Amino acid sequence: MSLPEPEATPFALIEAWRSGNEAAATELVRRHTRALAGFLAAKGAGDDLDDLVQEAFFRAFRRIGSFRGEAGFRAWLLVIGSNALKDLRRRARRRRVLPLEGREQDEAQEHELLERLEEGVKQLPPMQRDVFLLRAQQGLEYEAIAGALETSVGAARVHYHHAVKRLKQILK
Amino acid sequence: MIEDRDLEGLAPRLGRRRAGEVDPEATATAVVGRLRSERPVVHWWRLPAARRMVAAAVLILAAGLYVARSGPDRPVGQVLVPVPVVLDELAAAELVEIIDSLDVDGPVYELVPASLHDLSERQLERLLENMEG
């Protein structure tokens, strides 16, 4: 089994994986693990972040045939991760997903503003939160965000604008 | 009052510390291991490229038959060996069985075109009509 080229595109890696090349799948996971984990953490994923990241990748590979590339692989993956987080919360129901007390201690050295921003992001409506994180945290273009979230570019811009406005009010 | 640029400067750091605790190598190992355990065995004839090649071979053979059987001494458009199948849905073994069942003899092989490009527009049209039944 040949190792994928370092500069191989997501499409090339996906095609290699579908042809049975496990190294291609490994490379895809390596490239996107930290971005996915950061995104899910900012959305409030709890102590099971590792498991959630793995579940998101697993779901992505299982439905890799539906990836068309309009939004880019990372945006597509992040939305799958977001849905996995929703499912986890649904299953957990009343169980608290965020052990805030413990995390506050862990994050004592973090900048105060960053902590407040994290809490602010969690207060945003889901669509505003996703658009804000995909744009501001992940640095994705509005076109990719709109494709991944199945909305229009204009709507994505409006959600971002409202998210920023609301966060500024929370943080002032 | 926090400015937009301050907010956008902070945002990339959201979740970074916790993301740093997730090991990409361990994640890759776990994900690929789970995929491997749940992935069905893929036979070579199930691979898209192999299936396309076999399907193309059958199509070209059928085209050759069409050309051979619609010569001056036969009614135009009559295909004696129809290919009433969705090629992409067949396994290689099934395609081989179909090929074996074709009544192919010497003269036909001589007339098999190099590709579908060797067929006239009319011949191609009639071939597709017959294949669609």
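Fair warning: this is a prediction, and the values are worked out from it, not measured in the lab.

## Section: the overall build of chain A
And then number 1: Helix and strand counts for chain A stand at 9 helices and 0 strands.
And then number 2: Beginning at the N terminus, the succession of helices and strands in chain A can be written as α-α-α-α-α-α-α-α-α.
And then number 3: Within the span of chain A, comprising 172 residues, buried residues form 41% of the whole.
And then number 4: Considering only intrachain contacts with a sequence separation of at least 6, the fraction spanning at least 24 residues in chain A is 62%.

## Remarks on the overall build of chain B
And then number 1: Looking only at helices and strands, chain B features 7 helices and 0 strands.
And then number 2: Across chain B, helices and strands are ordered from the amino to the carboxyl terminus as α-α-α-α-α-α-α.
And then number 3: Looking at chain B residue by residue over its 133 residues, the buried ones come to 15%.
And then number 4: Long-range pairs, those at least 24 residues apart, make up 71% of the contacts in chain B with a sequence separation of at least 6.

## A closer look at the environment of V53 of chain A
And then number 1: With respect to the element layout, V53 of chain A can be found in helix 3 (residues 49-62).
And then number 2: Between the C-alpha atom of V53 of chain A and that of L40 of chain A, which follows or precedes it by 13 residues, the distance is 8.0 Å.
And then number 3: V53 of chain A has contacts with T33, L36, A37 and L40 of chain A together with V22 and T27 of chain B, leaving out every residue within four places of it along the chain.

## As for the interface of chain B and chain A
And then number 1: The partner chain A presents 34 residues to the 27 residues of chain B that form the contact.
And then number 2: Those elements that provide at least two residues to the side of chain B that touches chain A are helix 1 (4-10), helix 2 (16-20) and helix 3 (24-38) of chain B.
And then number 3: Sort the elements by how many residues they give to the side of chain B that touches chain A and helix 3 of chain B lands first, with 9 residues.

## Remarks on the packing of helix 6 (residues 112-123) of chain A against helix 9 (residues 153-171) of chain A
Residue and element names in this part refer to chain A.
And then number 1: Axis separation between helix 6 and helix 9 bottoms out at 9 Å; the angle between their running directions is 130°. As summarised for this structure, helix 6 and helix 9 are arranged oblique, according to the angle between their axes. The two elements helix 6 and helix 9 cross, and the hand of that crossing is right-handed. Residue-level inspection shows L113, R116, L117, G120 and Q123 of helix 6 in contact with helix 9, the latter providing L167, I170 and L171.
And then number 2: Of the residues belonging to the contact of helix 6 with helix 9, the class tally is 5 nonpolar, 2 polar and 1 charged.

## Considering the nonpolar core
Residues and elements named next belong to chain A.
And then number 1: L40, V53, A56, A75, I145 and A148 are the most contacted members of the largest nonpolar core, which totals 57 residues.
And then number 2: At 10 residues, helix 2 (residues 22-42) tops the list of elements feeding residues into this core.
And then number 3: Apart from the residues lying within four places of it in its own chain, the contact partners of A75 are L134, L140, A144, I145, G147 and A148.

## Quick word on helix 3 of chain B
Residues that lie three or four places apart on an α-helix share one face, since the helix turns once every 3.6 residues.
And then number 1: For helix 3 of chain B, with 15 residues, the first-to-last C-alpha span of 21 Å sits near the 21 Å given by 1.5 Å per residue.
And then number 2: Within the sequence span of helix 3 of chain B, burial applies to T27, A28, V31 and V32 of chain B. Seen end-on, helix 3 of chain B carries its buried residues on one side only, within an arc spanning 120°. For helix 3 of chain B, the exposed residues set more than 90 degrees away from the buried face come down to E25, G33, R36 and S37 of chain B.
And then number 3: Contacts made by the buried residues of helix 3 of chain B are with helix 2 and helix 3 of chain A.

## What to know about the packing of helix 7 (residues 126-137) of chain A against helix 9 of chain A
Residue and element names in this part refer to chain A.
And then number 1: At a closest axis distance of 8 Å, the pairing of helix 7 and helix 9 adopts a crossing angle of 95°. Considering their axes alone, helix 7 and helix 9 lie roughly perpendicular with respect to each other. Together, M127, Q128, R129, V131, F132 and R135 of helix 7 and A156, H159, Y160, H162, A163 and R166 of helix 9 make up the contact between the two elements.
And then number 2: Its residues placed into classes, the contact of helix 7 with helix 9 shows 6 nonpolar, 3 polar and 3 charged.

## Overview of helix 2 of chain A
Residue and element names in this part refer to chain A.
And then number 1: Taking 1.5 Å of rise per residue, 21 residues should cover 30 Å, and helix 2 covers 30 Å from first to last C-alpha, within 8% of that figure.
And then number 2: Maximal helix bending in helix 2 amounts to about 45°, located at H32.
And then number 3: Counted residue by residue, helix 2 has 15 buried out of 21 residues, so it is predominantly covered.
And then number 4: Following helix 2 by one or two positions, G44 has its phi on the positive side, about 100°.

## Concerning the environment of A35 of chain A
And then number 1: Here A35 of chain A is to be found in helix 2.
And then number 2: Not counting the four nearest positions on each side in its chain, A35 of chain A is found in contact with R74 and Q138 of chain A.

## A look at unusual backbone geometry
Residue and element names in this part refer to chain A.
And then number 1: The backbone of E150 shows a phi angle near 55°, a positive value even though the residue is not glycine.
And then number 2: Note that E150 resides in the loop between helix 8 (142-149) and helix 9.
And then number 3: C-beta crowding within 10 Å serves as the criterion here: with 8 such atoms nearby, E150 is assigned to the exposed category.

## Re the confidence of the model for chain B
Residues and elements named next belong to chain B.
And then number 1: Summary statistics for chain B give a mean pLDDT of 69 and a share of 46% for residues scoring 70 or more.
And then number 2: Confidence, read as mean pLDDT per element, is least for helix 6 (residues 106-111) in chain B (38) and greatest for helix 3 (93).
And then number 3: Counted against residues more than four places away or in other chains, residues 76-85, with its pLDDT under 50, gives 22 contacts.
And then number 4: Here residues 105-114 is modelled with pLDDT under 50, and outside its nearest four sequence neighbours on either side it reaches 16 contacts, counting other chains as well.
And then number 5: As scored by the predictor, the complex reaches a pTM of 0.62 and an ipTM of 0.77.

Analysis parameters
- Along each chain, residues carry numbers from 1 onward, in the same order as the chain's sequence is written.
- The lettering of chains begins at A and the numbering of ligands begins at 1, in the order of writing.
- Confidence filtering applies because this is a predicted model: local features only for residues at pLDDT of at least 70, side-chain atom pairs given and counted only at 80 or more, and all residues used for totals across whole chains, interfaces and linings.
- In DSSP terms, a helix is any run of H or I states spanning at least four residues, a strand is any run of E spanning at least two, and both are numbered starting from the N terminus.
- Burial is judged by counting other C-beta atoms within 10 Å of a residue's own C-beta: 20 or more means buried, 12 or fewer means exposed, and anything between counts as partly exposed, with every C-beta placed from the backbone.
- What counts as a contact is two residues whose backbone-derived C-beta atoms lie within 7 Å of each other.
- Interaxial angles span 0 to 180 degrees and are taken between N-to-C directions of axes, which are lines fitted to C-alpha atoms, for helices over the stretch in contact.
- What sets the label is the angle itself: under 35 degrees gives roughly parallel, over 145 gives roughly antiparallel, 65 to 115 gives roughly perpendicular, and the rest give oblique.
- Handedness of each helix crossing follows the sense of rotation of the near helix against the far helix: counterclockwise by less than a right angle gives left-handed, clockwise gives right-handed.
- Here the term charged refers only to Asp, Glu, Lys and Arg, the term nonpolar to Ala, Val, Leu, Ile, Met, Phe, Trp, Tyr, Cys and Pro, and the term polar to all other amino acids, Gly among them.
- Buried Ala, Val, Leu, Ile, Met, Phe, Trp, Tyr and Cys residues whose C-beta atoms connect them within 7 Å together make up a nonpolar core.
- Here, expected helix span is obtained from the residue count minus one, scaled by 1.5 Å.
- Directions drawn from the helix axis to the C-beta atoms are what define this arc.
- Here the bend at each residue means the angle between axes fitted to two seven-residue stretches, the one ending at that residue and the one beginning there.
- Each residue gets a pLDDT score, which is the predictor's confidence in that residue and runs from 0 to 100.

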